[in-house]
Each structure stands twice: as C-alpha cells, then as structure tokens.
Number of protein chains: 2
Amino acid sequence: MRPVQSSPVRDLLELTKDPGMISFAGGLPAPELFDVDGWRAAFADALSEPHARRHLQYAPTEGDPALRAWIADRQTSRGLPTEPTDLLVTTGSQQALTLIAAALLTPGAVVAVEEPTYLAALQCFRMADARIVAVAGDEQGILPEALAEVIEREHPTLLYLVPTFANPTGRTLTADRRAAVAALAEANDLWVVEDDPYGELRYRGTPLAPLAADSDTRVINLGSLSKICAPGLRLGWLRAPASVLPTLVVTKQAADLHTSTVDQAAAASYLAANDLEAHIATLRDAYRTRRDAMVELLPEVLPAGSRWTDPDGGMFIWVRLPDGADSETTLRVALGEQVAFVPGTAFYATTPDPATLRLSFTTNTTAEITKGLHRLATALRR
Amino acid sequence: MRPVQSSPVRDLLELTKDPGMISFAGGLPAPELFDVDGWRAAFADALSEPHARRHLQYAPTEGDPALRAWIADRQTSRGLPTEPTDLLVTTGSQQALTLIAAALLTPGAVVAVEEPTYLAALQCFRMADARIVAVAGDEQGILPEALAEVIEREHPTLLYLVPTFANPTGRTLTADRRAAVAALAEANDLWVVEDDPYGELRYRGTPLAPLAADSDTRVINLGSLSKICAPGLRLGWLRAPASVLPTLVVTKQAADLHTSTVDQAAAASYLAANDLEAHIATLRDAYRTRRDAMVELLPEVLPAGSRWTDPDGGMFIWVRLPDGADSETTLRVALGEQVAFVPGTAFYATTPDPATLRLSFTTNTTAEITKGLHRLATALRR
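Residues numbered from 1 in each chain as written. Chains lettered and ligands numbered in written order. Predicted model: local features only at pLDDT ≥ 70, side-chain atom pairs only at ≥ 80, totals over all residues. Heavy atoms only, no water.

### Quick notes on the relation of the copies chain A and chain B
Note that the two copies of the chain are related through a rotation about an axis and a translation along the same axis.
Right, so step 1: For these two chains of identical sequence, chain A goes onto chain B by a turn of 180° and a shift of 0.0 Å along the axis, with RMSD 0.0 Å. Accordingly, the operation relating the two chain copies is best matched by a two-fold axis.
Right, so step 2: When the interface residues of chain A are mapped onto chain B, 100% of them are again interface residues, pointing to one common binding face. (Least-squares fit on C-alpha atoms with pLDDT ≥ 70 in both. Contact = heavy atoms within 4.5 Å.)

Structure follows, in structure tokens:
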C-alpha cells in the first residue's frame, strides 16, 4: 500500500461539525447565499421532458455541450478567448489537479509551486511521487527571476499557481509577471497550471486577464462553479492546449467516465435561466463586508507584532503571529474556545513557518465573525 | 506526457450518436425504464428545506450518511454483512478502480485478471503502469488452480474480477470457486477487487453471496446505482477492509474531495421513498425478454460455426464467430448497415481472439433488437 497523508483541512472539518463552533477554517462559501430556489428549478428542468432520460444516462467524457458553450463564452468575456472544444468538464477543479498529475507527471518529476500554496494541490503532486520545489515570491506573487533560476536548476515539468487571490495568502500575480511567467514557460517547455477558483470574487481593484491569455500552448487554466454557485455540485472545468487536452480526456475516462450528467444539465439550465453576474455581485458585496469586518477587528485580536493581509478578493486572510508563536498550539487552545482556523504549516511545500495561520472570512456572518474573533483573542491571551 | 489509450467503447459511443444507428455496443441501461418522476421528486426533496443548503455545500469525503446506511443495509440483505463505516461513496464505480490503482499499485506491480474482462479496468491498471497477467478459466469463471499457479509464478498485488455476470462474457464464478479464491487471497496477501455492477440483474437461477462474504480482510467489493437506477448520477461505492479503507478515503480526497452532495442526497431520498426491489423486478422482466429475443435470433444471424453465451444475468452476450473471422472488419461493414457492437479484442489483456465480439441486449427494445440483428446478418453475409 502506498503511504498517504490526510488533508489537515478535511480533518479539521470533522472537528468543526460541533454546532457551537465558529469555524474560520474551511474555504466554504456562505450557505445562506446559495440560490436554492434557482437550483431546485434547474434540477426540475434537467429532469423534465424532452431531455430527462438523456440526463440520467451515460454521457460523453468531455462534458455537457450547453455547459461547455456557456463556460467558453464566460471565459472569453473574462479576457481568455475560449472555444467549447478547448474545455473538459471535471468533477470539481480538484479532479483537474489529479488528472493533470496522472497525465503529465512521472515519479520523480519536479513540480514548482509558490509557497505557501493550496495544500490539496501539494497532496495531489505528492501522491504522484513528484518532487516539489518552491519559487520565491513577494506580495505580488512569484518572482519571474526566481522562476528562471528554478527552471535552470531543477528542470520542473510543471508550475502550479493560484495567480488570483491565492489560497492561502490572497496574493495576486501582476500582469507583467503573468506575461513573464508565460514567456518562461514557452521558452522552457514548462507546463503552467493556473488554478482560478476565486478570480470572480474581487472586492476592489480592476480584474486581470487569466494567465492563460498570455500563452496558447503551455498554460492549463482551471475554473469552478464551487465558489460562485455551490461546491456540492462538484462542477469544475479545465481549458487546455490542444497538445494535452486529448490525454486529459482519456485520463478522465479512466477516472470516472464523466461528471454527473444531471448536475451538468442542471448547471446549463441554471446558467441559461439566471443572471449569474447579479448573483456574483451579491456575493461580492457580502464577502467584502465580511472581509472588512475581520480586517477591522484583527488589530485588537492579534498580539502585537502580528502581520496580516487585506486581500483584494478571494476568501482568505493570511496571518503571521510574532516570532516564536506556534499556530498549531494556538489552534488546540482555540478549539477549546469553540473557534477554528487552519495552521499555516500545511500550506508549505518545503520549510513551514509555524507562526502562520489562515482565516476564511466568507463562511460566517459579520456577527459570527465578531464573536469568533473575540474567542480567538481569548485563546491567544491564554 | 504519459502515453494513454482511449477506450474503444467510448470512441464507439461517438460513432453511435447517429440517430439511425442501432447500437449493441455500449453497456447502456434502457433509458425508457429510468424512473424519471421518482428522480425528479428526489432532487426536489434534496433541494428543499430544511437541508437544501447542506446539500449544495462541501461534504465529507466518505459520503452521505443516509446513503451509506442504505447501501450497508442492502449489501447485508444480499449476503454481505456491511456497516456504513465499511463504505466509501465513489463517483461511479469506475472511480473506485482508479482509487484502488492509485492506492495499491506501484509501477511494475502485477495485476491478475480473468480474460477477457472489463476494458476500462484494463485501461486503469495500464495507466498505473501495472503489468497485467491472465488467469485461465472456463464457463464457470477463473480456475482456482490456475490462480494458485499465477500467484506462485507472478506474485500479483491484486486480482480483478467481475464474478457475477462478467463483462463481457456474462460468466458467473461458482460459490465453491469464490471460497477457493478468497482462501488463496488470504493465504497469499493478495487483494481481490470484486466489481459487481450487474449482480442484481439476474434473470434465472439463484443469487450467490458476493465473493467479499468469503473474506473479511482481502476483498474490496464495488457496487453501483448505474445499472439498477441511472448511470448519469455517477453514484457507486466501495466496501473495503479496515486495513485499506482510510488510504482509499484519502486518495479520493485528492481525486475529487467528495462525490456530488446533491446527487448523493437525492439518491438517499429516492431510495427511502421508493421500492427499489419493485423497480429492479421491472428491469429484470424487460431485460430477460430482450436477452431471450436476442438469443432466439442469433442462430439465423450468425454464420455456421459461431458460438455465443446465454447469460443468467447482466447485460451482454459474448459471441465467437468461426475461426478466421475478424470482428473489427465486421464492425466496419456493420456500421455501414447502421448497426454497432464492440469487437472482442479490446477486452483481452494478453492475446486477443479477433473472432470475438460483445452484444449488449439491454439498451434496445425487442423490436429494435430484431431490426438490428437483421442488419447484422446482412453485414455478416457481405
């Protein structure tokens, strides 16, 4: 049996089932903002004549044609010209990571990442027996010169990035650096995986085109309905260059034949019948208010010498406690006070900083955020 | 990039989209027998208060508790005592194959199979860089003495079997051989994957207990709603010994976090509200009639010297044309006559028999079966 490591975030979700717990741990969308009526109607439509039986049957691996057409239009309108035939629908964008790992990595292959980064991506690459190396960065994301050096020294097969509102740091790679990363990828036959679940959740500033717009040949762009509609649907997609898409389709065939026909059909129906832009505007307003509530309270919650981000979008605030702090110890105390977060160590591929932690500001109302942060303050004082 | 091979069945599904085509190729359930009204009501219930928001949210990897409880009860009633905690819900039972390959196989590991066998399982094991070896068998499935010899000679990590109404042959492993296979597995630390999507589709004879009932420690049993409810839901499950289940759960976490929350909730609702036994009885009656219609016509369709099975259950009739025949050539002619099937070669791990082919009898009505077989007769005479 191969040794595998559980995801600390998933394990924490177990602990945070206690109804009295206020959790800033999981990257969960706010459930009260789900469009329940819209989705109930969409499933009813998907399971109505004349197409109900088709939506309960096996279906092509590539995905529902109407859903792929919608995704292509939306990506095009976001500055990434896309045809439906560029797309593969995936069972959440998490699946895209495993498909890419299975298709592109051989044991011992090198994967470059920003650090810290999405821990379930690290888990995927580790399960593929890849060797993970970190690319240095700053508040504007990875440094192209650091990437050039890593390419020279380590010959990575793949670079994994969340370029917009990164998990866990909230950082966004600048337009200039996107172009530089794409140019390096093209010059060095490097695959870039652009994981973009949060890009539409921008609360200030001007949207940037996806990194994939800077290279037709080397960037695989991943998107998802999880954060802008509902994660329980497990609907994501990947947009891949023609040289690699057929391999990814066959890899998905073996993985689960295709994503739920009825969920895809319901999504196509939902997106045709509803104004997603208006729904996302509602999410942006609510999440902006929640971010502001959290950022406003942090100076009185965190000990002197702490630092934290004030992200332009996404779901997370990244905190660094003063030198010598250990956020895993803090978590144990915090759970006793009925408040949860994710210690930062799990997000590091190489050398963890034990003083870091991640707070999600999207799941809870501002009243819960206030209550939870007061509990956290109590925990930090003990 | 790793070389991958497409599944001929999936590629054929592309060809068989032509509405004039009568396809005996895909293992598709009969769409007119889907309980559309029941599933529409189930999704409406899953997306109603008080639990609608929970069913659109992220969920535990292991699966919906109510669905796991139902599966455990059903497996127990089929002669396989099962607790909900023995189970992992998968995105179709196809996903279980990839999870098992990822968790249990290292490159070069040996996988033993009956031959011919399910081609997408072969594809999974090949993508895991396993070496596949065949175990000799007869009309009652693999021979335990042949398995003992393969264990001795090849030291397989895993044996893959469809013990009940095998795909593509329709064969069923006898009770005595099940016990012998389980004993060999326990004595030799061999994993046995019992893939059982068809077991409930029995048209004559007495049900056998699953092979997993013969070993608490070495058999991973896979089940699915695809053939008894609807494949578009992509709902399957695996029942694994406690020594391997946690590893499979973590592997699934990385693969897609969890299976669609709403699909699982709808299934739990459907199975609580409807008499699945009565639905399966309807399927059995319809499929028995279709099998009989096909078996009755085959003597006048197939050339003299052909042989074919008359299966007790499942979805497939396995045909061997006379020596010298090449079913891939026949397929090309048949497609011109607007009738499709799967050439047998794809189902062989080692030495294919080009004279074989698989006919599915479940997808088409008896009138379509008659029409399609007349077309096949024409093709075979050309």
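What follows continues from the structure just given.
### Describing the domain arrangement of chain A
Residue and element names in this part refer to chain A.
Right, so step 1: The domain boundaries assigned to chain A delineate domain 1 (8–35 + 277–381) and domain 2 (37–273).
Right, so step 2: Put simply, the middle of domain 1 and the middle of domain 2, counted by C-alpha atoms, are 25 Å apart.
Right, so step 3: Taken together, the contact between domain 1 and domain 2 spans 31 residues of the former and 31 residues of the latter.
Right, so step 4: Regarding the contact of domain 1 and domain 2, the summed buried area is about 2,900 Å², with carbon and sulfur atoms giving 57% of it.
Right, so step 5: Sorting the residues of domain 1 by area buried against domain 2 places D35, D312 and F347 first, and these three jointly supply 23% of that buried surface.
Right, so step 6: The interface formed by domain 1 and domain 2 holds three salt bridges in total.
Right, so step 7: At the boundary of domain 1 and domain 2, one finds 17 residue pairs in polar contact (both at pLDDT 80 or more).
Right, so step 8: Those elements that place two or more of their residues in the side of domain 1 that touches domain 2 are α1 (8–15), α10 (276–301) and β12 (316–320).
Right, so step 9: Residue contributions to the side of domain 1 that touches domain 2 peak at eight residues, all from α10. (Domains from an automatic or database assignment. Buried area = accessible area lost by both parts, 1.4 Å probe. Salt bridge = Lys/Arg side-chain N within 4 Å of Asp/Glu carboxyl O. Polar contact = N/O pair within 3.5 Å; in protein donor to acceptor, adjacent residues only side chain to side chain. Helix = DSSP H or I, 4+ residues; strand = E, 2+ residues; numbered from the N terminus.)

### As for the sheet that holds strand β12 (residues 316–320) of chain B
Residue and element names in this part refer to chain B.
Right, so step 1: Taken in spatial order, the four strands make up an open sheet running β11-β12-β15-β14, and their pairing is antiparallel. Unpaired on one side and paired on the other, β11 (307–308) and β14 (342–343) mark the two borders of the sheet.
Right, so step 2: Each of β11, β12 and β15 (356–360) touches helix α10 (residues 276–301); the most contacted strand, β12, lies at about 15° to it. (Pairing = 2+ DSSP bridges. Axes fitted to C-alpha atoms, helices over the stretch in contact; angles between N-to-C directions.)

### Considerations on the UniProt feature "domain: Aminotransferase class I/classII large" (unreviewed entry) in chain A
Right, so step 1: Mapped onto the present numbering, the UniProt feature "domain: Aminotransferase class I/classII large" (unreviewed entry) falls at residues 39–376 of chain A.
Right, so step 2: Along residues 39–376 of chain A the backbone is 41% helical and 16% strand, and the end-to-end C-alpha distance reaches 36 Å. (UniProt positions renumbered as here; feature names shortened; annotations may be inferred.)

### Focus on the side chain of B:R178
All names here are of chain B.
Right, so step 1: Its place among the elements puts R178 in helix α7 (residues 175–188).
Right, so step 2: Within the structure, the side chain of R178 is placed 3.2 Å from the backbone oxygen of P163, a separation counted as a polar contact.
Right, so step 3: Beyond its immediate sequence surroundings of up to four residues, R178 is in contact with P163, T164, T172, L173, E194, L208, A209, P210, L211 and D214.

### A word on the packing of α10(A) against helix α12 (residues 366–381) of chain A
Residue and element names in this part refer to chain A.
Right, so step 1: At a closest axis distance of 10 Å, the pairing of α10 and α12 adopts a crossing angle of 25°. Taken together, the axis directions place α10 and α12 in an arrangement best described as roughly parallel. Between α10 and α12 lies a crossing whose hand is right-handed. Across the interface between the two elements, T289, R290, A293, M294, L297, L298, E300 and V301 from α10 touch T366, I369, T370, L373, H374, L376, A377, L380 and R381 from α12.
Right, so step 2: Grouping the constituent residues of the contact of α10 with α12 by class yields 10 nonpolar, four polar and three charged. (Parallel < 35°, antiparallel > 145°, perpendicular 65-115°, else oblique. Left-handed = near helix turned anticlockwise from the far one by under 90°. Nonpolar A, V, L, I, M, F, W, Y, C, P; charged D, E, K, R; others polar.)

### Here's the deal with the pairing of strand β8 (residues 191–195) of chain B
Residues and elements named next belong to chain B.
Right, so step 1: Within β8, five of the five residues are buried, which leaves the element mostly enclosed by the surrounding structure.
Right, so step 2: Residue alternation in β8 divides its side chains into two sets, W191, V193 and D195 and V192 and E194, and both sets are buried.
Right, so step 3: Where strand β7 (residues 158–161) and β8 come together, four bridges link them in parallel fashion. The residue bridging Y160 from the neighbouring strand is V193, located in β8.
Right, so step 4: In this fold, the crossover linking β7 to β8 by way of α7 has right-handed handedness.
Right, so step 5: As paired elements, β8 and strand β9 (residues 219–224) share four bridges and run parallel to each other. Across the sheet, residue D195 finds its bridge partner in β9, namely L222. (Buried < 20%, exposed > 50% of the residue type's maximum accessible area, 1.4 Å probe, protein only. Right-handed = clockwise from strand over helix to strand, strands pointing away.)

### A word on the interface of chain A and chain B
Right, so step 1: Contacts between the two partners involve 71 residues from chain A, matched on the other side by 71 residues from chain B.
Right, so step 2: Together, the buried faces of chain A and chain B total about 5,700 Å²; carbon and sulfur atoms form 62% of this surface.
Right, so step 3: The interface formed by chain A and chain B includes zero salt bridges.
Right, so step 4: Viewed at the interface, chain B and chain A are joined by 32 residue pairs in polar contact (both at pLDDT 80 or more).
Right, so step 5: Going through the elements one at a time, α1, α2 (36–46), α4 (92–104), α5 (119–127), α8 (245–256) and α9 (261–273) of chain A are the ones with two or more residues in the side of chain A that touches chain B.

### Here we look at unusual backbone geometry
Right, so step 1: The linkage connecting A:E115 with the following residue, A:P116, adopts the cis geometry, with an omega of -5°.
Right, so step 2: Within the element layout of this structure, A:P116 appears in the loop between β3 (110–114) and α5.
Right, so step 3: A cis amide bond links B:E49 to the next residue, B:P50, at an omega of 5°.
Right, so step 4: Positive phi, close to 60°, is recorded for B:D129, a residue that is not glycine.
Right, so step 5: Inspection of the secondary structure assignment puts B:D129 in the loop between α5 (119–127) and β4 (131–135).

### Some details on the sheet that holds strand β2 (residues 87–91) of chain B
Residues and elements named next belong to chain B.
Right, so step 1: Reading across from one edge, β2-β10-β9-β8-β7-β3-β4 is the order of the seven strands in this open sheet, with mixed pairing throughout. A single partner strand is all that each edge strand has here, and the edge strands are β2 and β4. For this sheet the average axis-to-axis angle between neighbouring strands, irrespective of direction, equals 25°.
Right, so step 2: For strand β3 (residues 110–114) and β7, the ladder comprises three bridges, and the chain directions are parallel.

### Regarding the packing of aromatic side chains
Right, so step 1: With the rule as written, the count across this model stands at 13 aromatic pairs over all chains.
Right, so step 2: Ring centres of A:Y203 and A:F361 lie 6.2 Å apart, and the angle between their planes is 70°; this geometry places the pair in the edge-to-face category. With a gap of 158 residues between them, A:Y203 in the loop between β8 (191–195) and β9 (219–224) and A:F361 in the loop between β15 (356–360) and α12 connect regions that are remote in the sequence. Residues A:Y203 and A:F361 agree in their burial class; the two are buried.
Right, so step 3: The lysine or arginine in question, B:R218, covers the ring of B:W191, its NZ or CZ lying 4.0 Å from the ring centre. (Phe/Tyr/Trp six-rings, centres within 6.5 Å; stacked < 30°, edge-to-face > 60°. Lys NZ or Arg CZ within 6 Å of the ring centre and 35° of its normal.)

### As for the environment of A:I132
Residues and elements named next belong to chain A.
Right, so step 1: Mapped onto the elements of the fold, I132 is located in strand β4 (residues 131–135).
Right, so step 2: Classification of I132 as buried rests on a relative accessible area of 14%.
Right, so step 3: Ignoring any residue separated from it by four or fewer positions in sequence, one finds I132 in contact with V111, V113, L122, F125, R126, A349 and T350.

### Things to note about α5(A)
Right, so step 1: Summarising burial for α5(A): seven of the nine residues are buried, a large majority.
Right, so step 2: Phi turns positive one or two residues past the end of α5(A), at A:D129, with a value near 60°.

### Let's talk about the packing of helix α3 (residues 65–77) of chain B against helix α9 (residues 261–273) of chain B
Residues and elements named next belong to chain B.
Right, so step 1: As a packed pair, α3 and α9 sit with axes 8 Å apart at the nearest point and diverge in direction by 50°. As the angle between them shows, α3 and α9 are arranged oblique. Between α3 and α9 the crossing geometry is left-handed. Counting all contacts with α3, which are made through A66, L67 and W70, the residues of α9 involved are Q264, A267, A268 and L271.
Right, so step 2: A breakdown of the residues in the contact of α3 with α9 according to their chemical character gives six nonpolar, one polar and no charged.

### Quick notes on α2(A)
Think of an α-helix as turning once every 3.6 residues; residues three or four places apart then point the same way.
Right, so step 1: Burial in α2(A) covers these residues: A:V36, A:G38, A:W39, A:A42, A:F43 and A:A46. Viewed end-on, α2(A) has its buried residues packed into an arc of 160°, placing them on one side of the element.
Right, so step 2: Buried-residue contacts for α2(A) involve α9 of chain A together with α2 (36–46) and α9 of chain B. (Arc of directions from axis to C-beta.)

### Looking at the pattern of salt bridges
Side chains carrying opposite charge are able to pair once their charged atoms draw close together.
All names here are of chain A.
Right, so step 1: For the structure on display, the rule yields 44 salt bridges over all chains.
Right, so step 2: Between R178 and E194 there is a salt bridge, and its shortest N-O distance comes to 3.9 Å. Of this pair, R178 sits in helix α7 (residues 175–188) while E194 sits in strand β8, placing them 16 residues apart in sequence.
Right, so step 3: E194 gets classed as buried once you look at its relative accessible area, which sits at 1%.
Right, so step 4: D312 is the partner of R204 in a salt bridge, and the nearest nitrogen-oxygen pair spans 2.7 Å.

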